[in-house]
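Breakdown of the fold
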Amino acid sequence: MQDILSMLNQLQRPRLLMKAARIGAEDYRRTVHLPRLLGYGQMPRHGAALIKLMEVEDTLNVQRKDDESAYNLLRHIDVLIAIVGEARELQAAQGPSKPTAA
């Protein structure tokens, strides 16, 4: 799962989009938001949900950069909110990081 978090740290998105996502993530509710974004059915684990969300976000980001008429800013922010929320929950589930030996 550390690779997923590393990938998230490398995401380069406009500051305003990420600020909106961080603010929105404060009210993130997995059971409400994920089914709406990924479809209904069995709830995926945090890592699997993050991978799916990152695929959706990548498509939205390409649309944003290409200035496509199909681009939906609100959906993009919703997906980023879910990514930030899932990443926070994944980090919390992993527990405190262990100090490395010097």
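Residues numbered from 1 in each chain as written. Predicted model: local features only at pLDDT ≥ 70, side-chain atom pairs only at ≥ 80, totals over all residues. Heavy atoms only, no water.

Moving on: the overall build of the protein chain. Broken down by element type, the protein chain carries 5 helices and 0 strands. In the protein chain, the succession of helices and strands from N to C terminus is α-α-α-α-α. Residues counted as buried form 36% of the 102 residues belonging to the protein chain. Approximately 7,000 Å² of the protein chain is accessible, and the part contributed by carbon and sulfur atoms is 53%. (Helix = DSSP H or I, 4+ residues; strand = E, 2+ residues; numbered from the N terminus. Buried < 20%, exposed > 50% of the residue type's maximum accessible area, 1.4 Å probe, protein only. Areas by Shrake-Rupley, 256 points an atom, 1.4 Å probe, with all protein chains shown as cover.)

To continue, consider helix α2 (residues 15-25). Within α2, the full set of buried residues consists of Leu17, Met18, Ala21 and Ala25. Seen end-on, α2 carries its buried residues on one side only, within an arc spanning 95°. Exposed residues on α2 whose side chains face more than 90 degrees from its buried face are Arg15, Leu16, Lys19 and Ile23. Where the residues of α2 are buried, they touch α4 (46-65) and α5 (73-94). (Arc of directions from axis to C-beta. Contact = heavy atoms within 4.5 Å.)

On to the confidence of the model for the protein chain. With 89% of its residues at a pLDDT of at least 70, the protein chain reaches an overall mean of 86. Least confident of the elements in the protein chain is helix α1 (residues 2-9), whose mean pLDDT is 70; most confident is α2, at 94. (pLDDT = per-residue confidence, 0-100.)

Its place among the elements puts glutamine 63 in helix α4. Note on glutamine 63: relative accessible area 16%, which makes it buried. When near neighbours in sequence (up to four residues on either side) are disregarded, glutamine 63 contacts Glu68, Ala70 and Tyr71.

Before going further, it helps to spend a moment on the pattern of salt bridges. When charged atoms on two side chains of opposite charge get close, those side chains can pair. Going through the model one piece at a time under the given rule, you end up with 5 salt bridges. Residues glutamate 89 and arginine 30 are paired through a salt bridge, measuring 3.9 Å at the closest nitrogen-oxygen approach. Pair noted here: glutamate 89 is in helix α5 and arginine 30 is in helix α3 (residues 30-38), with a separation of 59 residues, a long-range link. On the basis of relative accessibility, which here comes to 16%, the residue arginine 30 falls in the buried class. Close ionic contact of aspartate 78 with arginine 36 constitutes a salt bridge, the shortest N to O distance being 3.0 Å. Pair noted here: aspartate 78 is in helix α5 and arginine 36 is in helix α3, with a separation of 42 residues, a long-range link. Looking at arginine 36, the relative accessible area reads 41%, which means it is partly exposed. Because the salt bridges share partners, they merge into one network encompassing Arg30, Glu86 and Glu89. (Salt bridge = Lys/Arg side-chain N within 4 Å of Asp/Glu carboxyl O.)

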